[in-house]
Amino acid sequence: MLGGPAPRAGWPWGRGRPWGRGRPRRRGPASDGERRRGGGTRGLSPASKRHLGFSGQSPPRPSTTEMEQEKVHGSEELRAEAASYRCSACHGDEDWGLGHPIRGRAKSRSLSAAPAVASTREFRRTRSLHGPCPVTTFGPKACVLQNPQTIMHIQDPASQRLTWSKSPKSVLVIKKIRDASLLQPFKELCVYLMEENNMIVYVEKKVLEDPAIVSDDRFGPVKRKFCTFREDYDDISNQIDLIVCLGGDGTLLYASSLFQGSVPPVMAFHLGSLGFLTPFNFENFQSQVTQVIQGNAAVVLRSRLKVRVVKELRGKKVAVPNGISENGVLAAALDAEVGKQVMQYQVLNEVVIDRGPSSYLSNVDVYLDGHLITTVQGDACPAGVIVSTPTGSTAYAAAAGASMIHPNVPAIMITPICPHSLSFRPIVVPAGVELKIMLSPEARNTVWVSFDGRKRQEVRHGDSISITTSRYPLPSICVRDPVSDWFESLAQCLHWNVRKKQAHFPEDEEDADEEAGAGRAGS
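Residues numbered from 1 in each chain as written. Predicted model: local features only at pLDDT ≥ 70, side-chain atom pairs only at ≥ 80, totals over all residues. Heavy atoms only, no water.

Some words on the sheet that holds strand β21 (residues 454-459)
Alright, step 1. Read across the sheet, six strands follow the order β18-β17-β16-β13-β20-β21 without closing on themselves; strand pairing throughout is antiparallel. Here the strands that pair on one side only, and so sit at the sheet edges, are β18 (427-430) and β21. Here the average twist between neighbouring strands, direction ignored, is 20 degrees.
Alright, step 2. Relative to strand β16 (residues 384-388), strand β13 (residues 350-354) runs antiparallel, the two sharing five bridges. Bridged to Glu350 within β16 is Ser388. (Pairing = 2+ DSSP bridges. Helix = DSSP H or I, 4+ residues; strand = E, 2+ residues; numbered from the N terminus. Axes fitted to C-alpha atoms, helices over the stretch in contact; angles between N-to-C directions.)

And the structure:
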């Protein structure tokens, strides 16, 4: 979803000033009470004045010297505020100054917080049950086109349009591995991007190691122009403007795992088996790619989960190749004082906690914002719990009996797997909450956790898994719009509500029924 700006201390209308950006116009010296509350009383009803704390009596008029000193102090404060103002809707955590157009990639700062009025160095985190405001800059050059008519925090899905601050120059092409049917589309797409659009194409190194590509001499000149990378070793997150996926839904999940921060726009072609997340057909890829490069496309912001796994070291050494661990980021951080290993992941579909190979009941405690809400006990081979995004609600969660949620809905879904209870139904919680899952003290065995079906690992007593909504959604490019594409996928891929329609009455039977009814009415 497109979340609104976080509330700012001292302003009853939210973060920043209520009307417009930058420095406001001042019609004259304001009273001391007006400066503390962020504005005057003009245009407010008596009830609003009482609500905001205005007494209705005019304060003593300051002297000329005091007015001049306050005016100079107010000007310095306004300049400091304007210099530190941040546009959370489009520019993420970048500093916003007057006269700056659309910025590029958001800087890596953790959870948003507007600077307090009194100090630009102090930040405080504001929480919302509607989830954190997502960073809507995608890669170095793309962002969501802002709708000037929008006055609500949740933007209309139909108004989510892609725009580029500069023309995209680098594209990452992700191809399904070990699929011979994708070799020809892959070659055609790469040739078109390089020769027709003069773009730099990145591919994974193992894609070019396919024997069919190695033995193709005609593809040799194009192959030498590729920029290659290796997963878990090379960080390309700051070099990609656009992502193109060739395959099924797994290619989109893999693209998400490569970017632990801001994700460039993703254009997914349906060349796999299911294709719920891949709406584009490859037959007319030239015109579709051209439209995306020109910025003529709608996007759906698929929220992701930020997962933090904290483990006891238990005397084992953790090997990190070249100082770079999973997904090309420093995912493992060791705290020598408390003896913990911390790993972070960005998850697009779901986090699955199950009992693994054990034959005992799975027994895990689920906390919501620090409060124990339930204990999940499951009795089957995959017994456990699924924590999913709205995008993941049509995946494993749907198979476990959960409802399907549109990607624009700000929510987190908790779905039990084979619960040993007749009353445990799937639930939906607000996107802004923080879930924490741990082994129950009474648990007889460990559990296992996986993230989008990958990075499977064991969770023991004393370990914890913290889950909340990430500030970095995945911008998936639509064929038409987010709503139409989603219902099209439900109908075509999952055959949602498909049944043989009831036959209507034949016309002669309808006429006979009408005549019989008229006869009974006449008698």
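Observations concerning unusual backbone geometry
Alright, step 1. One non-glycine residue, Asp232, lies in positive phi territory at about 75 degrees.
Alright, step 2. When you line up the elements, Asp232 lands in the loop between β6 (227-229) and β7 (242-247).

Remarks on the pairing of β16
The side chains of a regular strand alternate, first on one face of the sheet and then on the other.
Alright, step 1. Taken across its five residues, β16 has five buried, putting it largely inside the fold.
Alright, step 2. Bridge count for β16 against strand β17 (residues 411-417) is five bridges, and the pairing is antiparallel. Bridge assignment links Val387 to a residue of β17, and that residue is Ile414. (Buried < 20%, exposed > 50% of the residue type's maximum accessible area, 1.4 Å probe, protein only.)

Looking at helix α7 (residues 249-258)
Alright, step 1. With nine of its ten residues buried, α7 lies for the most part within the structure.
Alright, step 2. Where α7 is concerned, the buried positions are Asp249, Thr251, Leu252, Leu253, Tyr254, Ala255, Ser256, Ser257 and Leu258.

Re the nonpolar core
Alright, step 1. Counting 38 residues, the largest nonpolar core has Phe186 and Phe226 as the members making the most contacts within it.
Alright, step 2. Among the elements that line this core, the one with the most residues is helix α4 (residues 183-196), at seven residues.
Alright, step 3. The contacts of Phe226, once residues within four sequence positions are left out, are Phe186, Cys190, Met194, Val201, Val203, Leu208 and Phe219. (Core = buried A, V, L, I, M, F, W, Y, C linked by side-chain atoms within 4.5 Å. Contact = heavy atoms within 4.5 Å.)

A look at a nonpolar patch on the surface
Alright, step 1. On the surface, Val483, Phe487 and Trp496 cluster together to form a nonpolar patch covering roughly 290 Å² of accessible area.
Alright, step 2. Here Val483 shows up in helix α10 (residues 482-493). (Patch = residues over 30% accessible without salt bridge, like charges linked within 9 Å, V, L, I, M, F, W, Y side chains within 5 Å. Areas by Shrake-Rupley, 256 points an atom, 1.4 Å probe, with all protein chains shown as cover. Salt bridge = Lys/Arg side-chain N within 4 Å of Asp/Glu carboxyl O.)

So, the pairing of strand β12 (residues 340-347)
Alright, step 1. Burial within β12 is extensive, with seven of its eight residues counted as buried.
Alright, step 2. Pairing of strand β10 (residues 305-312) with β12 involves eight bridges; the strand directions are antiparallel. Its bridge partner being in β12, Lys306 is matched across the sheet by Gln346.

Remarks on the pattern of salt bridges
Alright, step 1. Within this structure, the stated rule accounts for twelve salt bridges.
Alright, step 2. Here Asp216 ties to Lys187 by a salt bridge, and the two come within 2.4 Å at their closest N and O atoms. On the criterion of sequence distance, the pair formed by Asp216 in the loop between α5 (211-214) and α6 (220-223) and Lys187 in helix α4 is long-range, its members being 29 residues apart.
Alright, step 3. By relative accessible area, Asp216 is classed as buried at 14%.
Alright, step 4. Judged by relative accessible area, Lys187 falls into the buried class, the value being 14%.
Alright, step 5. A salt bridge links Asp232 to Lys455; the nearest nitrogen and oxygen atoms lie 3.8 Å apart.

Points about the side chain of Ser489
Alright, step 1. Note on placement: Ser489 falls in helix α10.
Alright, step 2. Leave out the neighbours within four places in its chain, and Ser489 touches Phe276 and Leu494.

Topic: the sheet that holds strand β1 (residues 137-138)
Alright, step 1. Pairing is antiparallel across the open sheet formed by three strands, whose spatial order is β1-β2-β3. Where the open sheet ends on each side, the last strands, each with one partner, are β1 and β3 (161-164).

Remarks on the packing of α4 against helix α8 (residues 285-293)
Alright, step 1. Interaxial distance between α4 and α8 falls to 11 Å at its minimum, and their mutual angle equals 45 degrees. Between α4 and α8, the angle is such that the two are oblique. In this structure, α4 crosses over α8, and the sense of that crossing is right-handed. Side by side, α4 and α8 meet where Glu188, Leu189, Tyr192 and Leu193 of the first sit next to Phe285, Gln286, Val289 and Thr290 of the second.
Alright, step 2. When the residues that make up the contact of α4 with α8 are grouped by side-chain class, the tally is five nonpolar, two polar and one charged. (Parallel < 35°, antiparallel > 145°, perpendicular 65-115°, else oblique. Left-handed = near helix turned anticlockwise from the far one by under 90°. Nonpolar A, V, L, I, M, F, W, Y, C, P; charged D, E, K, R; others polar.)

Focus on the packing of aromatic side chains
A ring pair, where both rings are aromatic, is described by two values, the distance of the centres and the angle of the planes.
Alright, step 1. This structure, assessed with the given rule, holds ten aromatic pairs.
Alright, step 2. Centroid distance Trp486 to Phe487: 5.2 Å. Interplanar angle 80 degrees. Geometry classified as edge-to-face.
Alright, step 3. On the basis of relative accessibility, which here comes to 10%, the residue Trp486 falls in the buried class.
Alright, step 4. Take Phe487: its relative accessible area is 39%, and that puts it in the partly exposed class.
Alright, step 5. Of the aromatic side chains, those joined through ring pairs into one cluster are Tyr192, Phe269, Phe280, Phe282 and Phe285.
Alright, step 6. The side chain of Arg230 reaches across the aromatic face of Tyr233, ending 5.0 Å from its centre.
Alright, step 7. In this arrangement the basic side chain of Arg471 is found over the ring face of Tyr472, its NZ or CZ atom lying 5.9 Å from the centre. (Phe/Tyr/Trp six-rings, centres within 6.5 Å; stacked < 30°, edge-to-face > 60°. Lys NZ or Arg CZ within 6 Å of the ring centre and 35° of its normal.)

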